[in-house]
Amino acid sequence: MIATSERSGPNEPAGRPLTPRTGLCAADVVARVAAGQTNATTVRTSRTIGEIVRANVFTFFNGLLVALFVLVALTGRWQNALFGGVVIANSAIGIVQELRAKRTLDRLAVLNAPRARVVRESTERDLAVAEVVLDDLLCLVAGDQVPADGVVRDCTGLTVDESLLTGESEPVVKGTGDPVLSGSIVVAGRGLVQTTAVGDDSYAARLATEARRFTTTHSELISATNRLLRWISLMLLVIGPAVLWSQFRTPDNESWQDAVTGTVAALVGMIPEGLVLLTTLAFMVATVSLARRSTLVQELPAVEGLARVDVVCLDKTGTLTHGDVRFDELVLLTPAADAAPAAVAMLAAADPANATAAALAAAFPSSGPGPLDIVPFSSARKWSAVRTEDAVTWALGAPEMVLPTPASVAQSVARTRADDLAALGRRVLLLARSTAPWTGGADDVRLPADLVPVALVVLAEHLREDAAEVLRYFTDQGVALKVISGDNPRTVGAVAAAVGVPGVTGATDAVDARTLPEDADALAQVVEDCSVFGRVTPHQKRAMVAALQRRGHVVAMTGDGVNDALALKDADIGVAMGNGSPATRAVAQLVLLDGRFAHLPEAVAEGRRVIANIERAANLFLVKNVYSLVLALITVVTLGAYPLAPIQLTLISTLTIGVPGFFLALAPNRRRYLPGFLRRVLTFSLPTGALIGCAAYAGHAVTRWLQPDADTAAARTTATIVVLLMALWTLGILARPLTTVKAGLLLTMTGLAFLCIAVPVIAQSIVLLEVTVPSVGVGLGIGASGALLVEVVHRLLPASTVTWRSGPAPRQTASERGPH
């Protein structure tokens, strides 16, 4: 929409006294800081140390484990209470890792924190947003996100987008005395605004709609894990009392200590004590890893989300090309064009808030008088204009927007020459003049029809050296690419062809967004079928992202300009360049702090590692939960002693789940994302866990039958050996394809298991095993047979449910090879 020039008046802001044009003095600022009238808010970028400790210590499962620990300790059998070390280890690891992540991310958040420009004591100063105080005079330009509520004191074509706050899609033209809301985005013009509400009193803070860092977006992993935990919690509430009843009723338990020990063993086995830790840890390690490569993750599960993306929408400038636009040449269209350089200088100086104007201002320094009136540039109309003292209107902007329908030979020639230059991938602006003024109101300014083309202003951009390789990476991974730019379609098409966007061979392959249909379904079809679009307005970018999402796509949007901010906010994953506008960085989930597009494949790789490895770890934990549940149910039905003691479950969990699960969750993994995490985990874990549980009970029962006079220790020894063998084999399946490191891990766990059984001091005094020839022989026989059945079940599962049954890893880019 359109903005016009406005001048200040005597209006007082919201009943408050006017701040002098020189701004607040030092004493005024000190008084307001003392009164707490600053823009600091209670919204934090990360959790406090106390919150981190509480979140990692005071959990439902930790509380249950501590209660069970106390019960076992009362029995006097200290070995069976060693599982209490799991609570300490899990909490300590979680706290230490989150504190490390907090320090790293908070340091980067400071680098990415928005800044505000204020006038104090006649000087324009750059401050942290939190240092703004009530009645400060804010200097706003296009690309800024308004840091506090205020009222306009002076403005030139100030236009703001309030859709993040109000949902209203059209930008609003502001005049002197109009209110401006915090969280809104300046899309055109500039203004001087006196703050009227700061900090938690501001509109955005009160409505809790301002973009916030390190919040949790939708995550398939987290939602599926939470669903599993709810099921397990319900299972514990139902099965726990039944197991307790059976253990006190069975004649196999000779004392209350035996009954308590059996009940605790059953419940400990059904608690996924490390699953939440490993899930959170994998996210945090990925986040810190990306932070070391200058990629700030502002929402923790964003790395997972990026791995699920199947469409990437790219802005041209600042993403495929470097954002440093430079003046190249001035192509005169008429012999009488002596005034062209001065006109370009005046236009650039009148509206210096964007990169194009800054480049032109550097090439054409302004030395003459300023304009009488201006229409500032906006992404919607794609031109700016000035009216000079000698009654001449000068317009500069996109040729097809300045001259939408050529009405003279000169206008047609200018459009043709501009199109020819754009087809070469060059960025072209048209300078035109008229003696007539522009017409229309504040929101509908129209240029005069008799504009005379004077010159073409050619700007130079150079492609990012890594753009072609990054796009090739996404193409190889089956990710569709959509180049969505506000530039000339021919320019965008030529650049897209140069960097290798699939299906684009030249400048004529780009779609002019002015021809796109308004109907949502028709728009979705065009966006699905085509790859490159030019002359796209900010509103159309949002519509295109929404159209792709309606088609079931997971969409990532990259950009650096204020015209990209709202599309980034709507996309499933928004990726902003570190040198982009403050508004764009504020709404993005990922910020490439050094502006290198090549970091995007690294983020995808981290997301894939997180998803694939957490799936492996979840299978390990859920297999244990299932076989513990099966053993508990059999125990309730048969009124027998629980086949495993708590210390034996601790040994099994440590060697087959805890230690290997930790390494597998953090290991490199480039498996492509496939939807259906929970379905795959259940498809593998349920039959595998049921087999292990049945085999363990069978071993326990056979040993009791062969040694009727022996106590339960011998039978539990058999059950321990059976579970160890089958669980280690399951670990080997989940670790495939085996690498040297994974094979070494598997052999180490197997060796430690052998030592715990073969060394009498460990076996008898700590693990409470009674190692005899029948117990070992039966355990090895049933365990080996059970491992074979696990392998058979694994091979019978559909390939789509066993994602680790994979071939060679996908080809890496150079940027991916480094970290991995």
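A quick note: this is a predicted structure, and the numbers were derived from the prediction, not measured.

(A) Representation of the overall build of the protein. Secondary structure assignment for the protein yields 28 helices and 22 strands. Across the 820 residues of the protein, 56% fall into the buried class. Put simply, the protein shows about 31700 Å² of open surface, and 61% of that area lies on carbon and sulfur atoms.

(B) Structural context of helix α24 (residues 712-734). Along its 23 residues, α24 runs 32 Å from first to last C-alpha, staying within 8% of the 33 Å computed at 1.5 Å per residue. With 21 of 23 residues buried, α24 is to be regarded as a mostly interior element.

(C) Inspection of the sheet that holds strand β16 (residues 452-460) at higher detail. Read across the open sheet, the six strands follow the order β11-β16-β15-β14-β13-β12; overall the sheet is antiparallel. Because the sheet does not close on itself, it has two edges, and the strands there are β11 (326-332) and β12 (373-375). Averaged over all pairs of adjacent strands, the angle between strand axes in this sheet comes to 20°, irrespective of strand direction. Pairing between strand β15 (residues 427-434) and β16: seven bridges, direction antiparallel. By the bridge assignment for β16, Leu 430 is matched with Leu 456. The sheet contacts of helix α12 (residues 355-363) involve β11, β14 (393-397), β15 and β16, and relative to β11 the element is tilted by about 70°. Contacting β11, β15 and β16, helix α14 (residues 409-423) runs over the sheet at an angle of about 10° to β16.

(D) Molecular detail of unusual backbone geometry. The amide bond that connects Arg 736 to the next residue, Pro 737, takes the cis arrangement and shows omega of -5°. Inspection of the secondary structure assignment puts Pro 737 in the loop between α24 and α25 (740-758). The phi angle at Ser 294 is positive, at roughly 65°, despite the residue not being glycine. Here Ser 294 lies in the loop between α9 (275-291) and β9 (295-297).

(E) Representation of the nonpolar core. Formed by 121 residues in total, the largest nonpolar core has its most connected members in Leu 306, Leu 320 and Phe 474. Ranked by residue count, the leading element in this core is helix α21 (residues 599-638), at 18 residues. Once residues lying within four places of it in the same chain are set aside, the contact partners of Leu 320 are Leu 314, Asp 315, Leu 463, Arg 464, Ala 467, Leu 471, Val 483, Val 495, Val 499 and Phe 597. Counting 31 residues, the second-largest nonpolar core is a separate cluster that includes Val 187, Ala 547, Val 562 and Ala 565.

(F) The arrangement of the side chain of Arg 381 in detail. Note on placement: Arg 381 falls in the loop between β12 and β13 (383-387). By relative accessible area, which is 6% here, Arg 381 ends up buried. One polar contact links the side chain of Arg 381 to the main-chain carbonyl oxygen of Trp 383, over a distance of 3.3 Å.

(G) Main features of the confidence of the model for the protein. For the protein, mean pLDDT is 83; residues scoring 70 or higher make up 89% of the total. Under a pLDDT of 50 for its full length, residues 208-216 has, in the predicted model, 29 contacts with residues more than four places off or in other chains.

(H) Fine view of the environment of Tyr 642. Within the fold, Tyr 642 resides in the loop between α21 and α22 (646-666). Judged by relative accessible area, which is 0%, Tyr 642 ranks as buried. Taking the C-alpha atoms as reference, Tyr 642 lies 8.6 Å from Arg 716; in sequence the two are 74 residues apart. Not counting the four nearest positions on each side in its chain, Tyr 642 is found in contact with Gln 247, Gly 262, Ala 265, Ala 266, Ser 628, Leu 631, Ala 632, Thr 635, Leu 649 and Arg 716.

(I) Layout of helix α27 (residues 773-796). Given a rise of 1.5 Å per residue, 24 residues ought to cover 34 Å, and the 35 Å separating the end C-alpha atoms of α27 matches this to within 8%. Inspection of α27 places Ser 775, Val 778, Gly 779, Gly 783, Gly 786, Ala 787, Val 790, Glu 791 and His 794 among the buried residues, and these make up the whole buried set. Packing partners of the buried residues in α27 comprise α23 (677-706) and α24.

(J) Fine view of the side chain of Thr 356. Mapped onto the elements, Thr 356 comes out in helix α12. Using a relative accessible area of 13% as the deciding quantity, one classes Thr 356 as buried. The contact partners of Thr 356, leaving out residues within four places of it in the chain, are Arg 427, Leu 429 and Leu 459.

(K) Up close: the sheet that holds strand β18 (residues 511-512). Strand order in the open sheet formed by eight strands is β9-β22-β21-β20-β10-β17-β19-β18, with mixed pairing between adjacent strands. Of all strands in the sheet, those with a lone pairing partner are β9 and β18, marking the two edges. The strands that helix α16 (residues 489-499) touches are β17 (480-484), β18 and β19 (532-534); relative to β19, the one it contacts most, it runs at about 150°.

(L) Region of interest: the packing of aromatic side chains. All told, the structure shown has three aromatic pairs when counted by the stated rule. Between the aromatic rings of Tyr 473 and Phe 474, the centroid separation amounts to 5.5 Å while the plane-to-plane angle is 75°, which identifies the pairing as edge-to-face. Residue Phe 474 is classed as buried on the basis of its relative accessible area of 3%. For the pair Phe 662 and Phe 663, a centre-to-centre distance of 5.9 Å together with 90° between the ring planes defines the contact as edge-to-face. One Lys or Arg, Arg 381, reaches over the ring of Trp 383 and ends 5.5 Å from the middle of that ring.

(M) View of the pairing of strand β8 (residues 185-197). Of all 13 residues in β8, eleven are buried, a share of seventy percent or more. Examined bridge by bridge, strand β5 (residues 149-161) and β8 share ten bridges and lie antiparallel to one another. Within β8, the residue paired with Asp 154 across the bridge is Leu 192.

(N) Seen up close, empty space enclosed by the protein. For the structure on display, the rule yields four cavities of 30 Å³ or more. By volume, the largest cavity is sized at about 70 Å³. As for the largest cavity, its lining consists of Arg 115, Ala 116, Arg 117, Leu 138, Cys 139, Leu 140, Asp 144, Gln 145, Pro 147 and Pro 582. Every element with two or more residues in the lining of the largest cavity is listed here: β2 (115-120) and β4 (137-141). Residue composition of the lining of the largest cavity, grouped by class: six nonpolar, one polar and three charged.

(O) Structural detail: a nonpolar patch on the surface. Judged by side-chain polarity, Val 66, Phe 69, Val 70, Leu 71, Leu 74, Leu 244, Phe 248 and Trp 256 come together as a nonpolar surface patch covering roughly 740 Å² of accessible area. Residue assignment for the nonpolar patch shows that the elements contributing at least two residues are α3 (60-75) and α7 (220-249). In terms of residue count, the dominant contributor to the nonpolar patch is α3 (five residues). Mapping Trp 256 onto the fold places it in helix α8 (residues 256-269).

(P) Representation of the packing of α21 against α24 within the structure. For the pair α21 and α24, interaxial distance at closest approach is 10 Å and the crossing angle is 155°. Accordingly, the angle class assigned to the pair α21 and α24 is roughly antiparallel. Along this stretch, α21 crosses α24, giving a crossing that reads as right-handed. Between α21 and α24, the residues in contact are Arg 616, Asn 619, Leu 620, Val 623 and Tyr 627 and Val 723, Thr 730, Leu 731 and Leu 734, respectively. Broken down by class, the residue content of the contact of α21 with α24 amounts to six nonpolar, two polar and one charged.

(Q) Seen up close, the pattern of salt bridges. Under the defined criterion, the tally for this structure stands at 23 salt bridges. Among the salt bridges present, the one from Asp 135 reaches Arg 32, with a minimum N-O distance of 2.9 Å. Of this pair, Asp 135 sits in the loop between β3 (123-128) and β4 while Arg 32 sits in helix α1 (residues 26-34), and the two are 103 residues apart along the sequence. Here the two residues Asp 135 and Arg 32 agree in accessibility, since each one is buried. Here the salt bridges do not stand alone but share partners, grouping Arg 293, Glu 602, Glu 606 and Arg 609 into one network.

Analysis parameters
- Residues numbered from 1 in each chain as written.
- Predicted model: local features only at pLDDT ≥ 70, side-chain atom pairs only at ≥ 80, totals over all residues.
- Heavy atoms only, no water.
- Helix = DSSP H or I, 4+ residues; strand = E, 2+ residues; numbered from the N terminus.
- Buried < 20%, exposed > 50% of the residue type's maximum accessible area, 1.4 Å probe, protein only.
- Areas by Shrake-Rupley, 256 points an atom, 1.4 Å probe, with all protein chains shown as cover.
- Expected span 1.5 Å × (residues − 1).
- Pairing = 2+ DSSP bridges.
- Axes fitted to C-alpha atoms, helices over the stretch in contact; angles between N-to-C directions.
- Contact = heavy atoms within 4.5 Å.
- Core = buried A, V, L, I, M, F, W, Y, C linked by side-chain atoms within 4.5 Å.
- Polar contact = N/O pair within 3.5 Å; in protein donor to acceptor, adjacent residues only side chain to side chain.
- pLDDT = per-residue confidence, 0-100.
- Phe/Tyr/Trp six-rings, centres within 6.5 Å; stacked < 30°, edge-to-face > 60°.
- Lys NZ or Arg CZ within 6 Å of the ring centre and 35° of its normal.
- 1 Å grid on protein atoms, 1.4 Å probe; cavity = no way out; pocket = protein on both sides within 12 Å on 5 of 7 lines; lining within 4 Å.
- Points joined across faces, edges and corners; volume = space filled by probe spheres on them.
- Nonpolar A, V, L, I, M, F, W, Y, C, P; charged D, E, K, R; others polar.
- Patch = residues over 30% accessible without salt bridge, like charges linked within 9 Å, V, L, I, M, F, W, Y side chains within 5 Å.
- Salt bridge = Lys/Arg side-chain N within 4 Å of Asp/Glu carboxyl O.
- Parallel < 35°, antiparallel > 145°, perpendicular 65-115°, else oblique.
- Left-handed = near helix turned anticlockwise from the far one by under 90°.

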